[in-house]
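Remarks on the overall topology
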Amino acid sequence: TRLGLNPSIFVKQMSSMITYANDINPVNYVKYAVKNLPQFISVFKEIWNNSTYVEERWNTDLRRALESYNADTIQKFVPATVNNFWVGLMMGFVKMGDMGAIMLGGMPNYSYYKAEFKKKNPNATEQQAIDYAIEKFEDNTKNTQQSMDLQDRDYYQSTDAITRSLNMFLTTPKQYLRKEFSGWRNMKRGIKNRDMKQFFSGMGTFGMYHVMMPISFQYIVL
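So, here is what we can say about the structure in this document. (Residues numbered from 1 in each chain as written. Predicted model: local features only at pLDDT ≥ 70, side-chain atom pairs only at ≥ 80, totals over all residues. Heavy atoms only, no water.)

Re the overall build of the protein chain
Across its full length, the protein chain holds 11 helices and zero strands. Along the protein chain, from the amino end to the carboxyl end, the secondary structure elements read α-α-α-α-α-α-α-α-α-α-α. Of the contacts formed within the protein chain by residues at least 6 apart in sequence, a portion of 72% connects residues at least 24 apart. Accessible area for the protein chain stands at about 14000 Å²; split by element, carbon and sulfur atoms hold 61% of it. (Helix = DSSP H or I, 4+ residues; strand = E, 2+ residues; numbered from the N terminus. Contact = heavy atoms within 4.5 Å. Areas by Shrake-Rupley, 256 points an atom, 1.4 Å probe, with all protein chains shown as cover.)

A look at the packing of helix H3 (residues 40-50) against helix H8 (residues 126-144)
Two packed helices can be described by the angle between their axes and the distance between those axes. Two numbers describe how H3 lies on H8: the axes approach to 10 Å, and their chain directions differ by 80 degrees. Classified by the interaxial angle, the pair formed by H3 and H8 is roughly perpendicular. Across from Glu46, Ile47 and Asn50 in H3, the residues of H8 making contact are Glu126, Gln127, Ile130, Ile134 and Phe137. Taken together, the residues of the contact of H3 with H8 break down into four nonpolar, two polar and two charged. (Axes fitted to C-alpha atoms, helices over the stretch in contact; angles between N-to-C directions. Parallel < 35°, antiparallel > 145°, perpendicular 65-115°, else oblique. Nonpolar A, V, L, I, M, F, W, Y, C, P; charged D, E, K, R; others polar.)

Structure (structure tokens):
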């Protein structure tokens, strides 16, 4: 705060980088983060121009985030004279922080997936590599980042108004819990199949979301 930074945006940026790194291995993440520096603008534009999910997330009315209200209540809560333009303008820094976390955090993943696809498919076109990398990038994003989409909510976030209000800001913790279960399942499968690579991969995912992320949040808050 002394530097004039918004703590919530800083937390969002840091957490997004850590969670994205878990999907491709921290070593690969750092490697492609450094590789992206000279071509930062071109990679940013490539994702922006080809990702429908990023475009929709940027253009979505932030009033949809008021999950505890139904459509009629939102109309009463936000005056009808306040149109989408002014709401978007007032909430611009929030949207910029969200998009910055996704783009800055996810760009190394995108570049990694694109490079891997080209390596395995030397005869593929540039657009095929982009489409593959975008699909993987969006999958990483939807699995780890805060989302207001209906398909990303669980039962308790889509039921009656009181229950929704109690679960209003729990999308990310719930996503982290699902990732913990995923890591735990991979550990069990690794033991069952005697596949140590799968076991340690699952252990890394479990440790990231059960230990590292809570510690990181607490450290930044303190």
